[in-house]
Amino acid sequence: MIDQDVIATATPMPILVAPQAILRQKTRLVRPEDTAELREAIPRMFAAMYKAPGIGLAAPQVGLGLRFAIVDVADKDEARNPMVLINPDIIAETETMSIREEGCLSLPNQYAEVARPESVRVRYQDLEGKRHEIEVDGLLATCIQHEIDHLEGILFVDHLSALKRNMIMRRLAKEQRLKH
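What counts, and where the lines are drawn
Per chain, residues are indexed from 1 in the order of the written sequence. Totals for whole chains, interfaces and linings use all residues, but because this is a predicted model, local features are given only for residues with pLDDT of at least 70 and pairs of side-chain atoms are given and counted only at 80 or more. Note: side-chain values were computed over all heavy atoms of the structure, leaving out hydrogens and water. Numbering of helices and strands runs from the N terminus; a helix is a DSSP stretch of H or I covering at least four residues, while a strand is a stretch of E covering at least two. Restricting the calculation to C-alpha atoms gives the radius of gyration, and the globule rule supplies 2.2 Å times the number of residues raised to the power 0.38. Only protein chains enter the accessibility calculation, which uses a 1.4 Å probe. A residue is then buried if its area is under 20% of the maximum for its type, exposed if over 50%, and partly exposed in between. We call two residues contacting when some pair of their heavy atoms lies within 4.5 Å. Only the protein chains shown count as covering a residue, and every accessible area follows the Shrake-Rupley method with a 1.4 Å probe. In this charge count, Lys and Arg are treated as positive and Asp and Glu as negative; neither His nor the chain ends contribute. Lys charges are placed at NZ, Arg charges at CZ, Asp charges at CG and Glu charges at CD. Working rule for helices: expected span equals 1.5 Å times residues minus one. The arc refers to the directions leading from the helix axis to the C-beta atoms. Strand pairing is defined by DSSP finding a minimum of two bridges between the two strands. Note on terminology: a nonpolar core comprises buried Ala, Val, Leu, Ile, Met, Phe, Trp, Tyr and Cys residues joined through side-chain atoms within 4.5 Å. The term salt bridge refers to a pairing of a side-chain nitrogen on Lys or Arg with a carboxyl oxygen on Asp or Glu at a separation within 4 Å. The axes are straight lines fitted to the C-alpha atoms, using for helices just the contacting stretch, and the angles between their N-to-C directions are given from 0 to 180°.

### Observations regarding the overall build of the protein
Move 1: The number of helices and strands found in the protein is four helices and seven strands.
Move 2: Relative to the 2.2 N^0.38 estimate, which gives 16 Å for 180 residues, the radius of gyration of the protein is 16 Å and therefore close to what a compact globule would have.
Move 3: With respect to the principal axes defined by its C-alpha atoms, the protein has extents near 45 × 40 × 35 Å.
Move 4: Counting over 180 residues, the protein shows a buried share of 45%.
Move 5: For the protein, the share of sequence-separated contacts (at least 6 apart) that also reach a separation of at least 24 residues comes to 66%.
Move 6: As displayed, the protein offers around 9,800 Å² of accessible surface, 51% of which is attributable to carbon and sulfur atoms.
Move 7: Each charge class in the protein was averaged separately, 23 positive and 27 negative side chains, and the resulting centres sit 8 Å apart.

Laid out in structure tokens, this is it:
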């Protein structure tokens, strides 16, 4: 379990915005020798995600080329439920699709409806290296699929038509220019 006090005092990591190159790269598996780096990065990632605010953040979004992500889909009025997914893989998915509006901390203020499998079975490790397998649906399933996509160098806009994707990326570029 991630200590909320550690998260509360952690300095948020900067979140990279597309078209940063690392967002398009496949990550490498986390190895035991990466544990110290993860223990340092994870509270800072949660701090960044909660501050944004967001419900998921993958390592590439903070400049790390490692296969791990964090998620917490708890509502504002619910107790936090932080999850760390190390080396996650989707091992089964339903044929039934679910359409949800998605956004991304690396594509600020950009949203689109994305169709994904309604339910998935995910295998991952926790910070202690213990293996887990969970079956998830709803918002959590969407969020985990979105974060695993990041680990493969895929952004949510890649699930859209070229026309919609180009529109969103142009709008993002324009907003970023106006911001700086």
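Further notes follow.
### A closer look at helix α4 (residues 162–179)
Move 1: Taking 1.5 Å per residue, 18 residues should reach 26 Å; α4 reaches 25 Å between its end C-alpha atoms and fits that length.
Move 2: Residues Ile168, Leu172 and Gln176 constitute the buried set of α4. Along α4, the residues classed as buried sweep out an arc of 70 degrees about the axis, all on the same side. In α4, the exposed positions that point more than 90 degrees away from the buried face belong to Leu163, Arg170, Arg177 and Leu178.
Move 3: Buried residues in α4 make contact with β5 (107–117).

### Quick look at the pairing of strand β3 (residues 83–93)
Along any regular strand the residues' side chains alternate between the sheet's two faces.
Move 1: Bridging between strand β2 (residues 68–71) and β3 involves four bridges; their strand directions are antiparallel. By the bridge assignment for β3, Val71 is matched with Met83.

### Concerning the nonpolar core
Burial of nonpolar side chains together is a common tendency in soluble globular proteins.
Move 1: Core analysis: the largest hydrophobic core is formed by 22 residues, its most contacted members being Leu38, Ile42, Phe46, Phe68 and Ile70.
Move 2: The set of elements that each furnish at least two residues to this core consists of α2 (35–51), β2 and β3.
Move 3: For this core, the element with the most residues is α2, which contributes eight residues.
Move 4: Other than its neighbours up to four places away in sequence, Leu38 contacts Val30, Pro43, Leu66, Phe68, Ile86 and Leu127.

### Let's talk about the pattern of salt bridges
Move 1: Here the structure, examined in full by the defined rule, presents 13 salt bridges.
Move 2: Among the salt bridges present, the one from Arg31 reaches Glu33, with a minimum N-O distance of 3.0 Å.
Move 3: Residue classification places Arg31 among the partly exposed positions, given a relative accessible area of 40%.
Move 4: Exposure remark for Glu33: the relative accessible area of 58% places this residue in the exposed category.
Move 5: Of the charged contacts in the structure, one is a salt bridge between Arg121 and Glu133, with a shortest N-O distance of 3.0 Å.

### A short note on the pairing of strand β7 (residues 131–137)
Move 1: Of the strand pairs in this sheet, strand β6 (residues 119–125) and β7 are connected by seven bridges, and their pairing is antiparallel. The partner of Arg121 across the bridge, within β7, is Glu135.
Move 2: Where β6 folds back on β7, the antiparallel hairpin that results is connected by five residues, among which Gly129 adopts a positive phi of roughly 90 degrees.

### Here we look at the sheet that holds strand β1 (residues 56–58)
Move 1: If you walk across this open sheet you meet the five strands as β1-β2-β3-β6-β7, and the pairing is antiparallel. Each having just a single partner strand, β1 and β7 make up the two edges of the open sheet. Recorded for the sheet is a direction-independent mean angle of 40 degrees between the axes of neighbouring strands.
Move 2: Strands in contact with α2 are β1, β2 and β3; relative to β2, the strand with the most contacts, it is inclined by about 40 degrees.
Move 3: Against the sheet, helix α3 (residues 138–151) contacts β1, β2, β3, β6 and β7, and its axis sits at roughly 125 degrees relative to β7.

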